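# Structural features, examined
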Amino acid sequence: MNYSADSFLQTTRECDLVMKGGITSGVVYPRTLLELAQEYRFRNIGGTSAGAIAAGLAAAAEYDRQEHGSGRGFAALDGVVGHLQEHLLDLFQPDPRHEKSFKTLLKLVRDRKNPVTGLFSAIRFAPKAIRLLRTFKRLPETYFGLCSGRTQSGYDVLGLTDWLNELIETMAGRMNNGRLPEQPLTMGHLEDAGIVLRTITTSLGTQNPVILPFSDGNWLVDGDDLAALFPPNVAAALKGERDESELYKMPMGRDLPVLFAVRASLSFPVLLAALPLHRRDYTHRLSPEARDTPRLCWLSDGGITSNFPIHLFDNLLPARPTFGLSLDKYSPTRHHEDPDNLRGRVYLPKGAGKGVQRPVTEITGAGGFLGAILNTARNWQDSLQSVMPGYRERIVHIALTDEEGGLNLEMESDVVERLVDLGKIAGSDLRGFDLGEHQWRRLLSTYAALEVAFGELSRMFPEFKTGVSNHEPQSYEPSSDEELGVLWGRVTSLVSAAEPMVDQPIRETWGRSNNMPSPGSFVKLVPKEQAGRP
């Protein structure tokens, strides 16, 4: 399908966008973006892993539209489909030390529906198992990944990271006669064009998700590692001031290249190399030497901690929708009995009571049991958030079969085209989104949560104030009695405003059915990273 550049220059609405991770499942996204871009201007764009790739490309194309008044960036996105049909596997180019093991893993993925059984088959597989074990022991030599993302010798197409580097600059309209610009596209370029990009990576050293770009200046990197993992123009841009440890300070905020934000989120364990950054660990409070020594802190796939960060860009009372694109497992009894019926595999829960329930995952065998443990540990927060009122009606679900997406690096051209078509249907469904109804439901669910929170505030405040007003602050002292008076005056005003919510709550008696949207929610203090705030 051909999209003309001019078709992207008549947008009348704005939206934010968040895309789920899924390795090759991200093939779904190009035509979803193309459908949406004909009606919506993208303001805030986020994603994890494969979703981060789509987010980075959408941001680049939107930059071209805003900065150059051009729709060529989006039109170029349609060309990505053809490249993926021909060269999807070629994007994942293994390090020569792991080439045989990479081929073995590909075969395991192909044959996973027919697992090796019986003594004879087990013996036949034993040499390959030993090779995989040896490869696993050597993974630290290649940044814990079979593929670095860079182009390897013997390939006539670019590896994933190099390909993305050229594609991002092409879609942003920044290539100079086929040559890469000296300075890569950065978060600052996007922000100046009114675009915000956020991706999620996972810090294995500190064991938490990290929203990119960095807001923390305690990140350092070795120049040799940059040269091994990034194209020269991006590696140069990632070198900040040299630290006394001889490491380079990583750029923060506006200065971070878009390609780094994408690649840091897309580091699927074992398949793609993790990124070796360093941090000083100030918890070593008893040893200044230990405290000042930078420590290796690997950045791996964002999907480890937040594979569907639907909380990004969330507002209590949104002025525009934040669309979510979720990649789910196909079921003939949930979607359509015929997997070739693509219309039946795309679902947007529009009704007020639709999409509330989470599907039950069937567990068969020890492998399925362990997989369910892993998926529950990493996805439970995103899953619960996704069924909340004010969230679920803006999330379109795309159901994929076992042969589609994921680790299926060898998908045939027709399978890729099927995924692309699913994405087009999803984008078309979102184009008819009812913002007014979404805002109405969000108003009710937000009010109900505030009523609970303010009611608790009103009940606890008298006892709380008695204790704290007699306390002499030992930290964060006010600059004057007048400033302290302002603080207490504002808190008291909040408490006074909350009194009707305690005396006459309406959340459980609202309307004809005596309720507000469910499931209910609660306002609480959480780390800004958990709330999706960089």
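Placed above this text is the structure.
Residues numbered from 1 in each chain as written. Predicted model: local features only at pLDDT ≥ 70, side-chain atom pairs only at ≥ 80, totals over all residues. Heavy atoms only, no water.

## Considering the overall build of the protein chain
This is how it is decided: Numbering of helices and strands runs from the N terminus, with a helix taken as a DSSP run of H or I at least four residues long and a strand as a DSSP run of E at least two residues long. Radius of gyration means the value over C-alpha atoms here, while the globule rule gives 2.2 Å times the residue count to the 0.38 power. In this scheme, a residue with accessible area under 20% of its type's maximum is buried, one over 50% is exposed, and one in between is partly exposed, where area comes from a 1.4 Å probe on protein chains only. Pairs of residues are marked as contacts when any of their non-hydrogen atoms sit within 4.5 Å. Residue-level accessible areas treat just the shown protein chains as cover; the underlying method is Shrake-Rupley with a 1.4 Å probe. For this count, His and the chain ends are skipped, Lys and Arg are scored as positive, and Asp and Glu as negative. Lys charges are placed at NZ, Arg charges at CZ, Asp charges at CG and Glu charges at CD.
Looking only at helices and strands, one finds 15 helices and 13 strands in the protein chain. Taking 2.2 N^0.38 as the reference for a compact globule, 534 residues should give roughly 24 Å; the C-alpha atoms of the protein chain span a radius of gyration of 25 Å, in line with that estimate. Seen through its principal axes, the protein chain has C-alpha atoms that stretch 75 × 65 × 60 Å. For the protein chain, with 534 residues in total, the buried portion stands at 47%. Taking all contacts inside the protein chain whose residues are at least 6 apart in sequence as the whole, residues at least 24 apart take part in 77%. For the protein chain, the accessible surface area stands at approximately 26600 Å², while carbon and sulfur atoms represent 54% of it. Averaging the coordinates of the 58 positive side-chain charges in the protein chain and doing the same for the 66 negative ones gives two points 5 Å apart.

## Quick notes on the nonpolar core
If you look at soluble globular proteins, the nonpolar side chains tend to sit buried side by side. Counted only if it meets this: What makes a nonpolar core is a set of buried Ala, Val, Leu, Ile, Met, Phe, Trp, Tyr and Cys residues whose side-chain atoms join them at distances within 4.5 Å.
Of all hydrophobic cores here, the largest spans 102 residues; its most connected members are Phe42, Ile45, Phe92, Phe214, Phe230 and Phe260. By size, the runner-up hydrophobic cluster in this structure holds ten residues, among which are Phe308, Leu312, Met388 and Tyr391.

## Details of the pattern of salt bridges
To keep it simple, the criterion reads: Each reported salt bridge corresponds to a side-chain nitrogen of Lys or Arg within 4 Å of a carboxyl oxygen of Asp or Glu.
Under the defined criterion, the tally for this structure stands at 32 salt bridges. Salt-bridge contacts for Arg507 lead to Glu451; the nearest nitrogen and oxygen are separated by 2.7 Å. Note that Arg507 is positioned in the segment after α15 (481-503) and Glu451 in helix α14 (residues 435-469), a separation of 56 residues in sequence. Relative accessible area serves as the criterion here: at 25%, Arg507 is assigned to the partly exposed category. Owing to a relative accessible area of 1%, Glu451 belongs among the buried residues under this scheme. Residues joined in a network through salt bridges with shared partners are Arg13, Glu35, Glu39, Lys424 and Arg431.

## Description of the pairing of strand β11 (residues 322-329)
Inclusion rule: The pairing criterion is simple: DSSP has to find at least two bridges between the two strands.
Summarising burial for β11: six of the eight residues are buried, a large majority. In this structure, strand β1 (residues 13-19) lies alongside β11, joined through four bridges in parallel fashion. Paired with Leu17 across the two strands is Phe323, which belongs to β11. Two strands pair when backbone bridges link them, and β11 and strand β13 (residues 395-400) are joined in this way by six bridges, in the parallel orientation. Across the sheet, residue Asp328 finds its bridge partner in β13, namely Ala399.

## Points about the environment of Ile506
Secondary-structure assignment places Ile506 in the segment after α15. Assessed through its relative accessible area of 32%, Ile506 is described here as partly exposed. On a C-alpha basis, the gap between Ile506 and Tyr447 in space is 9.6 Å, while along the polypeptide they are 59 residues apart. In this structure Ile506 touches Tyr447, Glu451 and Met516, once residues within four positions along its chain are discounted.

## Details of the packing of helix α1 (residues 29-37) against helix α13 (residues 413-431)
Rules: Helix axes use the C-alpha atoms of the stretch in contact, all axes being lines fitted to C-alpha atoms, and the angles between their N-to-C directions lie in the range 0 to 180 degrees. Just so you know how the angles are binned, under 35 degrees is roughly parallel, over 145 roughly antiparallel, 65 to 115 roughly perpendicular, and the rest oblique. Left-handed describes a crossing in which the near helix is turned anticlockwise from the far one by less than a right angle; the clockwise case is right-handed. Residues are sorted three ways: Asp, Glu, Lys and Arg are charged, Ala, Val, Leu, Ile, Met, Phe, Trp, Tyr, Cys and Pro are nonpolar, and all the rest, Gly among them, are polar.
Here α1 crosses α13 at 25°, and the two axes come no closer than 6 Å. Considering their axes alone, α1 and α13 lie roughly parallel with respect to each other. In this structure, α1 meets α13 at a crossing whose hand is right-handed. When α1 is examined against α13, the residues Arg31, Thr32, Glu35 and Leu36 are found in contact with a partner set consisting of Glu417, Val420, Asp421, Gly423, Lys424, Ala426, Gly427, Ser428, Leu430 and Arg431. For the contact of α1 with α13, the per-class residue count stands at four nonpolar, four polar and six charged.

## Details of the pairing of β13
Counted residue by residue, β13 has six buried out of six residues, so it is predominantly covered. With two bridges connecting them, strand β12 (residues 346-347) and β13 associate as antiparallel partners. By the bridge assignment for β13, Tyr347 is matched with His397.

## Focus: the packing of aromatic side chains
Basically, it comes down to this: We call Phe, Tyr and Trp rings a pair once their centres come within 6.5 Å, taking the six-membered ring for Trp, and we label the pair stacked below 30 degrees between planes, edge-to-face above 60, and tilted otherwise. Note on geometry: a ring has a charge over it if NZ (lysine) or CZ (arginine) is within 6 Å of the ring centre and within 35 degrees of the ring normal.
Applying the stated criterion across every chain, the model contains eleven aromatic pairs. Seen in terms of ring centroids, Phe214 and Phe260 are 6.0 Å apart; in terms of plane orientation they differ by 50°. Their pairing is tilted. One end of the pair, Phe214, is in the loop between β5 (208-212) and β6 (220-221); the other, Phe260, is in helix α10 (residues 258-265), with 46 residues separating them in the sequence. An identical accessibility class is assigned to Phe214 and Phe260; each is buried. Joined through ring pairs, the aromatic side chains of Tyr3, Phe8, Phe42 and Phe74 make up one cluster. A cation over a ring is seen here: Arg345 above Tyr330, with NZ or CZ 5.6 Å from the ring centre.

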